[in-house]
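# Commentary on secondary and tertiary structure
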Amino acid sequence: MIAEIRGIGSFVPEKIITNEELAQTVDTTDGWIREHTGIEKRRIIAPGEAASDMAIRAARMALERAQVGPEELDLIITATATPDYSNFPATACLIQHELGAEHSGAFDLAAGCTGFIYGLSVARGMILAGDYRNILVVGTEALSRITNWQDRNTCVLFGDGAGAAVVSANNNQDNRGILQTMLRSEGAGGEHLMRRAGGSRMPFTPGMDPAETFISMNGRRVYGFAVRVCTILINSLLRKANLHLRDIKHIVPHQANERIIQAAAERLSISLDKFYLNIAEYANTSSASIPIALREMEEKDLLHKGDLILTLAFGAGLTYGGLLIRW
Ligand code: ACO
């Protein structure tokens, strides 16, 4: 038996903010953002909506494409840094109710931008253990709600969106599914990407410095970490599977910054063409970026049965992880 991705769905909000528009409210330029990140625009969640609203749309698409009914789901795992509520009920429970997934458990998972990879790995393990047949894994992020729109170091980087995958037991002999996983954490670097307030260490209080309630980031430290772990993930996953780079059809990285991917590609002497990049359109949507990219690749007919895909991510924690998938 193998755990396969049977259906992918995604959703991005309608509202677009271009670099030029941002440059009217904060001290930056379209040229700086493009040159340093590859980003051209980002989507912003509609007023009154929350992470679960985007997630439900992505989830419905994934279920439809998988031809799995909500009542057939055994579990919903939601990766998000921006749950509807801080921190309960879990956003996964809101999704479970709205979908009508009556026989499903539900929980949220916190692994920053690596959340979707963590979710798929957990789903694979539970399916291989034999107790679960269909698991919905969601990445959904309303990062615009925790972004400091006055801070040019961070506000240019992030966008909103959601993606979802139905992971199912595959008993065919085609070996299509998640072949290898790798999950890692370097907690020592946690302070480089965090939201300080809102937890038990620094609860929200009236009169609090608003900066504490937003994403804070040491960009250079995260950049160095990201380039380093991209190379570790690619080399380790290939070694574990006894495969060579030429066997891999596409590398689908977390879309954080085009320059991170360029630097990793150079270090490994891999052509940039091997990587699927759509950061120009959506900016960094954290745990949603990989399923949004996979869905877009399906729409462009870039994913074919039997293709080997390597997908990897890095983010707050600091966490990193990757998967090798036979599509
Ligand atoms: N517009 C104009 N100037 C800017 C902007 C901006 N938006 N942001 C920073 N600058 C300035 C800085 O103030 C600095 O000016 P100074 O030299 O006068 O101090 C100058 O640009 C250079 O700053 P650097 O930090 O060296 O810029 P760098 O080329 O490293 O790019 C960036 C910064 C894009 C943040 C980069 O470090 C990066 O991508 N880091 C990783 C960030 C990331 O991916 N985070 C998320 C990953 S995990 C997850 O997805 C949640």
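Residues numbered from 1 in each chain as written. Predicted model: local features only at pLDDT ≥ 70, side-chain atom pairs only at ≥ 80, totals over all residues. Heavy atoms only, no water.

### As for the domain arrangement of the protein chain
Taken as a whole, the protein chain is organised into domain 1 (2-170) and domain 2 (177-326). For domain 1 and domain 2, the distance between their C-alpha centroids amounts to 14 Å. The interface of domain 1 with domain 2 comprises 52 residues on the first partner and 47 residues on the second. Buried area between domain 1 and domain 2, both sides added, is near 4000 Å², and the carbon and sulfur share of it is 64%. Its largest share of buried area at the contact with domain 2, domain 1 owes to Cys 113, Ile 117 and Ile 146, together 16% of the area lost on that side. (Domains from an automatic or database assignment. Contact = heavy atoms within 4.5 Å. Buried area = accessible area lost by both parts, 1.4 Å probe.)

### Brief notes about helix α4 (residues 91-99)
By the burial criterion, the buried members of α4 are Thr 91, Ala 92, Ile 95 and Leu 99. Viewed along the axis of α4, the buried residues span an arc of 100 degrees, placing them on a single side of the element. Turning to α4, the residues buried within the fold contact α3 (51-66), β4 (75-79), β5 (105-109) and β6 (134-141). Backbone geometry just downstream of α4 places Gly 100 in the positive-phi region, at approximately 75 degrees. (Buried < 20%, exposed > 50% of the residue type's maximum accessible area, 1.4 Å probe, protein only. Helix = DSSP H or I, 4+ residues; strand = E, 2+ residues; numbered from the N terminus. Arc of directions from axis to C-beta.)

### A few points about the packing of α3 against α4
Where α3 contacts α4, the axes come no closer than 10 Å and their chain directions differ by 55 degrees. One element, α3, and the other, α4, form an angle in the oblique class. In this structure, the crossing between α3 and α4 has a hand that is right-handed. Residues Ser 52, Ala 55, Ile 56, Ala 59, Arg 60 and Leu 63 of α3 pack against Thr 91, Leu 94, Ile 95, Glu 98 and Leu 99 of α4. The class makeup of the residues in the contact of α3 with α4 is 7 nonpolar, 2 polar and 2 charged. (Axes fitted to C-alpha atoms, helices over the stretch in contact; angles between N-to-C directions. Parallel < 35°, antiparallel > 145°, perpendicular 65-115°, else oblique. Left-handed = near helix turned anticlockwise from the far one by under 90°. Nonpolar A, V, L, I, M, F, W, Y, C, P; charged D, E, K, R; others polar.)

### Re the packing of helix α7 (residues 219-241) against helix α8 (residues 258-268)
Interaxial distance between α7 and α8 falls to 9 Å at its minimum, and their mutual angle equals 45 degrees. The orientation of α7 relative to α8 falls into the category oblique. The crossing of α7 and α8 is right-handed. Between α7, through Tyr 223, Ala 226, Val 227, Arg 228, Cys 230, Thr 231, Ile 234 and Asn 235, and α8, the contact on the second element is made entirely by Arg 259, Ile 260, Ala 263, Ala 264, Arg 267 and Leu 268.

### Some details on the side chain of Thr 154
One can find Thr 154 in helix α6 (residues 152-155). Filtering out sequence-adjacent residues up to four positions away, Thr 154 remains in contact with Asn 148, Ile 215 and Met 217.

### Quick word on the site of the ligand
Near the ligand lie 23 residues; those nearest to it are Thr 28, Cys 113, Arg 220, Asn 257 and Asn 284. Arg 259 places a side-chain nitrogen or oxygen 3.4 Å from an oxygen atom of the ligand. Within the side chain of Asn 284, an N or O atom sits 2.6 Å from an oxygen atom of the ligand. Relative to its free-state accessible area of 1000 Å², the ligand is covered by the protein chains to the extent of 76%. If you list the elements that add at least two residues to the shell around the ligand, you get α2 (30-37), α6, α7, α8 and β12 (308-315). For the shell around the ligand, the leading source of residues is α7, giving 4 residues. (Near = heavy atom within 4 Å. Polar contact = N/O pair within 3.5 Å; in protein donor to acceptor, adjacent residues only side chain to side chain. Areas by Shrake-Rupley, 256 points an atom, 1.4 Å probe, with all protein chains shown as cover.)

### Describing unusual backbone geometry
In this chain, Ser 86 is followed by Asn 87 through a cis amide linkage whose omega measures 0 degrees. Inspection of the secondary structure puts Asn 87 in the loop between β4 and α4. Here the bond from Gly 317 into Leu 318 is cis, since omega is -5 degrees, no more than 30 degrees from zero. Its location among the elements puts Leu 318 in the loop between β12 and β13 (319-326). Not every positive phi belongs to a glycine, and Ser 269 is a case in point at roughly 55 degrees.

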